[in-house]
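Single-letter residue listing:
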Amino acid sequence: MRNQAGQVLILLKKYLSRYSSEIQALAKMLLNQRDSILEEFKQLLNRKITAMRTRSHGHYSLKEVLYTGKDFIIIDFEGDTSRSLNERRMKRSPLRDVASMLQSFYCVCSMALRNEKESGIIHTDKLPVMERWSQFLFCWSSVAFLKAYFANAGDATFLPQDKSELQVLLNTFILEKSISQLDYELRNRPDWVEIALQRTLKLLEPI
């Protein structure tokens, strides 16, 4: 995670001149947070996690979930195709999939808001209110998903029984997923870089 974060920040600095002054400002803020990012990941090095690892989806998001009208079907279990097959077959914490779904909620809410703003549906004077509603939808969806996930998982051995361990794992995987998405957007979808930067900076804010 620390190596990946370092590589993404190098790539961000390299591509800095491609973006508007507003996005450059966000990028510089994140580049200045390098030590904070590494410190967040360091939390995993300083404690023993009691949960077991297992097979997981590896690329879990709303795009991989189909609604039949009565039930949900999860598809595309090949994992992150940017990784080698050996990496994808490794046992990991399923909380990585949870973090991936939470990231998906954030992207959907952010893109929906941006699309409505750019199409003129949302007037400038209404934007602050709609931003708060977008944030509310993201938070509500995330809480509902987490409550249902933990209720169904119960005392499963792949979840830490200690709440502090659970919090560290989930926070770390959420940050990892956000940085991973920033990497993807820098290489493939420059229009999404702003959203990935905003998400990562938000995660680094002190609680």
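Quick notes on the rules
- Residues numbered from 1 in each chain as written.
- Predicted model: local features only at pLDDT ≥ 70, side-chain atom pairs only at ≥ 80, totals over all residues.
- Heavy atoms only, no water.
- Salt bridge = Lys/Arg side-chain N within 4 Å of Asp/Glu carboxyl O.
- Buried < 20%, exposed > 50% of the residue type's maximum accessible area, 1.4 Å probe, protein only.
- Core = buried A, V, L, I, M, F, W, Y, C linked by side-chain atoms within 4.5 Å.
- Helix = DSSP H or I, 4+ residues; strand = E, 2+ residues; numbered from the N terminus.
- Contact = heavy atoms within 4.5 Å.
- Expected span 1.5 Å × (residues − 1).
- Arc of directions from axis to C-beta.

A look at the pattern of salt bridges
- Within this structure, the stated rule accounts for seven salt bridges.
- A salt bridge links E87 to R83, with the nearest nitrogen and oxygen atoms 3.5 Å apart.
- A residue is classified by how much of its surface remains accessible, and E87, at 31% relative accessible area, is partly exposed.
- In this structure, E185 and R189 form a salt bridge, with 2.9 Å as the shortest nitrogen-oxygen distance.

Focus: the nonpolar core
- Counting 23 residues, the largest nonpolar core has L30, I37, L182, L186 and L197 as the members making the most contacts within it.
- At the level of secondary structure, the elements contributing two or more residues to this core comprise α1 (2–14), α2 (21–31), α3 (34–42), α7 (163–188) and α8 (193–204).
- In this structure I37 touches A5, L9, L30, L175, I179 and L204, once residues within four positions along its chain are discounted.
- Y60, M111, F138 and L166 belong to the second largest nonpolar core, which has 21 residues in total.

What about helix α5 (residues 95–119)?
- For α5, which comprises 25 residues, the first-to-last C-alpha distance of 36 Å matches the rise-based estimate of 36 Å (1.5 Å per residue) to within 8%.
- A positive backbone phi angle near 90 degrees is found at G120, which sits one or two residues after α5.

Looking at α2
- Buried within α2 we find I23, L26, A27 and L30. Seen from one end, α2 has its buried residues packed into an arc of 100 degrees, which puts them on one side.
- Tucked into the core, α2 has its buried residues touching α1, α3, α7 and α8.

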